[in-house]
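# Results of the structural survey
The lines below spell out each chain.
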Amino acid sequence: APEAKELLGPRERARARVLRGQIIARDLGDQPEARLAAAGGELEAAVEEDPTLLPARIAWARFLLRRGAPEGTLAALEPVAAQGGSEVVDLRARALAASGRLLDATNVLDAALARAPADPRLVFTRGLVLAAGGKRAEAEGLYAQAAKDPGSWEAHLALGRSRLSAREVEKAAPEILLAAERAPREPEAQAGLGELRLAKGDLAGADEAFRRALSLDPSHAASHAGLARVAVERGDAGAAVASLERAVRFDPRAVEPRALLGTLKWRRGDLAGAEVELRAAAVADPKNALVRSRLGAVQLEMGRAESAVEHLLAASNLEVALAENRHWLGRALLARGDAVPALEQLKKAVELEPANALSYLWLGVAYDRTSNPGDAVDAYRSALARDPKLVDAAERLGLLYASLNHCPDAVPWFDKAIQLAPREQRLRMELADCRARMGQHAQAIQLYKDALRANPKLVSCYYRIARAVHESAGVREALPWYERAVREDRANPMPHYYLGFAWKERGKRSRAVEAFRAYLRLRPDAEDRKDIEREIEDLGG
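Counting restarts for each chain, with residues numbered from 1 along the sequence as it is written. Local features are withheld for residues below a pLDDT of 70 in this predicted model, meaning they are given only at 70 or higher, and side-chain atom pairs are given and counted only at 80 or more; totals for whole chains, interfaces and linings count all residues. Heavy atoms throughout the structure, all of them, feed into the side-chain values; hydrogens and water do not.

### Looking at the overall build of the chain
Note the following rule: Secondary structure elements are taken from DSSP: a helix is a run of H or I of four residues or more, a strand is a run of E of two residues or more, and numbering for both begins at the N terminus. Atoms counted for the radius of gyration: C-alpha only. Globule rule: 2.2 Å times residue count to the power 0.38. In this scheme, a residue with accessible area under 20% of its type's maximum is buried, one over 50% is exposed, and one in between is partly exposed, where area comes from a 1.4 Å probe on protein chains only. By definition, residues are in contact when any of their heavy atoms lie within 4.5 Å. Using the Shrake-Rupley algorithm and a 1.4 Å probe, accessible areas are obtained, with residue cover drawn only from the displayed protein chains. Asp and Glu are treated as the negative residues and Lys and Arg as the positive ones, with His and the ends of the chain left uncounted. One atom stands in for each charge, and that atom is NZ of Lys, CZ of Arg, CG of Asp or CD of Glu.
Secondary structure summary: the chain contains 32 helices and 0 strands in total. Taking 2.2 N^0.38 as the reference for a compact globule, 541 residues should give roughly 24 Å; the C-alpha atoms of the chain span a radius of gyration of 34 Å, well beyond that estimate. Projected onto the principal axes, the alpha-carbon positions of the chain cover approximately 110 × 50 × 40 Å. Here the chain, with 541 residues, has 50% of them falling under the buried criterion. Across the chain, contacts joining residues at least 24 apart in sequence account for 45% of those joining residues at least 6 apart. When the accessible surface of the chain is totalled, it reaches about 26,400 Å², and 50% of it is carbon and sulfur. Each charge sign in the chain was given a centre, from 81 positive and 78 negative side chains, and these centres are 2 Å apart.

### A closer look at the nonpolar core
Test applied: Take the buried residues of types Ala, Val, Leu, Ile, Met, Phe, Trp, Tyr and Cys, join any two whose side-chain atoms come within 4.5 Å, and each joined set is a nonpolar core.
Within the largest apolar cluster, 97 residues are counted, with the highest numbers of intra-cluster contacts made by Leu334 and Leu363. A per-element tally of this core places helix α22 (residues 357-369) first, with 8 residues. Not counting the four nearest positions on each side in its chain, Leu334 is found in contact with Ala339, Ala342, Leu346, Trp362, Val365, Ala366 and Arg369. Residues Leu28, Ala59, Phe124 and Leu130 belong to the second largest nonpolar core, which totals 60 residues.

### A word on the pattern of salt bridges
Here is the rule we go by: Each reported salt bridge corresponds to a side-chain nitrogen of Lys or Arg within 4 Å of a carboxyl oxygen of Asp or Glu.
Per the counting criterion, the structure on display carries 44 salt bridges. A salt bridge links Glu424 to Arg426; the shortest N-O distance between them is 2.8 Å. Salt-bridge contacts for Arg464 lead to Asp433; the nearest nitrogen and oxygen are separated by 3.0 Å. Taken together, the residues span a long stretch of sequence, with Arg464 in helix α28 (residues 460-473) and Asp433 in helix α26 (residues 425-437) at a distance of 31 residues. Judged by relative accessible area, which is 26%, Arg464 ranks as partly exposed. When its relative accessible area of 24% is taken as the criterion, Asp433 is described as partly exposed. One salt-bridge network, in which partners are shared between bridges, spans Arg13, Arg17, Arg20, Glu42 and Glu49.

### What to know about the packing of aromatic side chains
Quick reminder of the rule: Only rings of Phe, Tyr and Trp enter the pairing, Trp through its six-membered ring, and a pair is recorded when the two centres are within 6.5 Å. The plane angle decides the type: under 30 degrees is stacked, over 60 is edge-to-face, the rest tilted. In this analysis the charged atom, NZ for Lys or CZ for Arg, is taken to sit over a ring once it is within 6 Å of the ring centre and within 35 degrees of the ring normal.
Tallied over the entire structure, the rule returns 11 aromatic pairs. Geometrically, the ring pair formed by Tyr463 and Tyr482 is tilted, given 6.5 Å between the ring centres and 45° between the ring planes. A residue pair is termed long-range when its members are at least 10 positions apart, and Tyr463 in helix α28 and Tyr482 in helix α29 (residues 475-488) qualify at 19 residues. Using a relative accessible area of 15% as the deciding quantity, one classes Tyr463 as buried. Geometrically, the ring pair formed by Tyr497 and Phe501 is edge-to-face, given 5.2 Å between the ring centres and 65° between the ring planes. In this pair, Tyr497 and Phe501 are both assigned in helix α30 (residues 494-505), 4 residues apart and thus about one turn of the helix distant. Judged by relative accessible area, Tyr497 falls into the buried class, the value being 19%. Joined through ring pairs, the aromatic side chains of Tyr463, Tyr482, Tyr497, Tyr498, Phe501, Phe516 and Tyr519 make up one cluster. Arg67 extends its terminal NZ or CZ atom over the ring of Phe63, reaching a point 5.3 Å from the ring centre. Lying over the aromatic face of Tyr498, Arg467 brings its terminal NZ or CZ to 4.0 Å of the ring centre.

### Observations concerning the environment of Cys461
Looking at the element boundaries, Cys461 is found in helix α28. When its relative accessible area of 0% is taken as the criterion, Cys461 is described as buried. Put simply, Cys461 and Ile445 are 16 residues apart on the chain and 9.0 Å apart in space, counted from C-alpha to C-alpha. Not counting the four nearest positions on each side in its chain, Cys461 is found in contact with Met429, Tyr448, Ala451 and Leu452.

### Some details on the state of the cysteines
Here, disulfide denotes a covalent bond that connects the sulfur atoms of two cysteines. What counts, and what does not: Cysteine sulfur pairs qualify as disulfides if the two atoms are within 2.5 Å.
In this structure the tally under the stated criterion is 0 disulfides. Cys461 forms no disulfide, and the closest cysteine sulfur to it belongs to Cys434, at a distance of 15 Å.

### What about the side chain of Ser243?
Within the secondary structure layout, Ser243 lies in helix α15 (residues 237-250). Leave out the neighbours within four places in its chain, and Ser243 touches His224, Leu227 and Ala228.

What follows is the structure, encoded as structure tokens:
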């Protein structure tokens with residue numbers, strides 16, 4: 001209270017500020033950012049009130065670390081680093097690891113463990129650093145050693161989470177349950193319980209545990225991320241995105257929430273938003289192959305193949321057996337025009353993940369681009385065998401057969417594609433093209449008309465109808481369609497070409513000249529330019 005402030009000495013004021021900061025951080029109300037800033041301000045002021053009060057520095061450092069500011073944590077602890085107490089060493093090592101300085105973290109811990117080799121806190125933190133370096137088995141050994149301390153809960157939680165990450169759910173359960181039992185008021189322990197229930201498919205139980213954790217600490221980023229995962233399992237992408245946005249707001253350096261948020265935004269078509277989140281996750285964890293792979297995939301869909309290849313190659317170097325990355329790397333190389341190396345990547349993708357229909361689809365595209373139609377057919381058929389509703393595979397089979405002038409073989413695949421996606425009018429146009437080439441002009445014309453009726457913007461159908469009518473009934477019947485094509489499909493030079501010859505045949509020289517000139521304007525690099533210019537000259541143009 002203001003009236004009591006002058007009655008207290010610096011140490012008492014520092015202790016009061018620490019307590020007030022911790023209370024504010026647990027009661028964020030409807031202005032979480034402002035309340036967290038106020039909590040941080042109290043803790044920082046506590047250190048200023050009494051720079052020698054170690055609990056104040058530790059509270060300030062722990063707050064900064066949880067807010068995703070490991071550099072600030074290190075700065076806060078620097079004046080007391082030489083004291084070397086286990087709590088200071090613990091926080092310094094965690095902050096160094098969070099900054100990517102694993103070797104420095106190891107050195108700090110090894111020096112402290114040399115003085116106190118049995119200190120369970122330091123043993124546990126050494127395990128965290130090993131886990132951050134990818135040494136799961138060694139980390140679990142240290143967790144188990146630290147868990148022998150009767151008051152331990154963090155070591156049990158870490159051991160359980162490590163086993164969960166390896167999908168050893170039954171082995172993880174006793175450790176996580178024990179941690180939650182020993183620390184019922186710790187949000188991290190309750191979040192671990194939520195993760196266990198989620199792994200078991202108990203969505204209601206997971207939701208309850210994550211919400212209990214947030215009742216203890218509304219800014220607990222891992223619990224917001226846990227609620228997002230529950231929402232994903234329930235099919236509620238909107239709720240998942242909202243929870244993940246809260247998670248990254250409270251912990252900007254958290255990699256997994258950002259990666260999931262980026263993935264969800266990607267799936268919802270928000271490529272720019274997805275790129276922002278995945279790039280931030282990649283900066284926070286440059287060695288995360290999945291994040292780099294998905295960042296590359298998003299950039300590919302944004303039309304930036306060169307940058308995409310860079311990230312996808314980096315991901316490939318980080319994790320050679322990541323099938324998803326091989327798939328996207330193959331597609332990115334195809335987009336860049338490198339069909340042969342793309343083929344090798346896509347072969348590896350289907351080898352690593354034989355059930356993935358999309359990888360077989362793109363393998364077919366790569367075979368097609370490298371002039372291996374037989375292998376392309378096999379790949380497309382394999383894609384359909386794995387996903388009978390994959391429209392693209394049926395369509396590409398039709399297009400491939402059509403390109404080989406095997407229209408009778410193409411027709412059944414176009415029919416199948418139309419059956420799977422009846423609203424995609426381009427499929428009717430492709431089928432109509434095949435019917436026209438087979439001399440089935442009446443069927444082709446009807447298909448073009450059906451496509452136009454469903455989508456009047458498909459103006460190229462007018463020229464196609466004109467050609468089909470021309471070939472089946474003669475130019476007189478086709479003339480109205482050519483003229484309609486000229487009006488509706490103004491960028492297409494070909495209706496002018498045929499109109500030119502039609503008017504010439506009827507002796508309408510000026511109209512023929514006008515049509516030929518329009519053809520050359522729209523197609524200035526036409527191979528038959530000199531021939532058309534002679535036609536114009538002969539007609540007196």
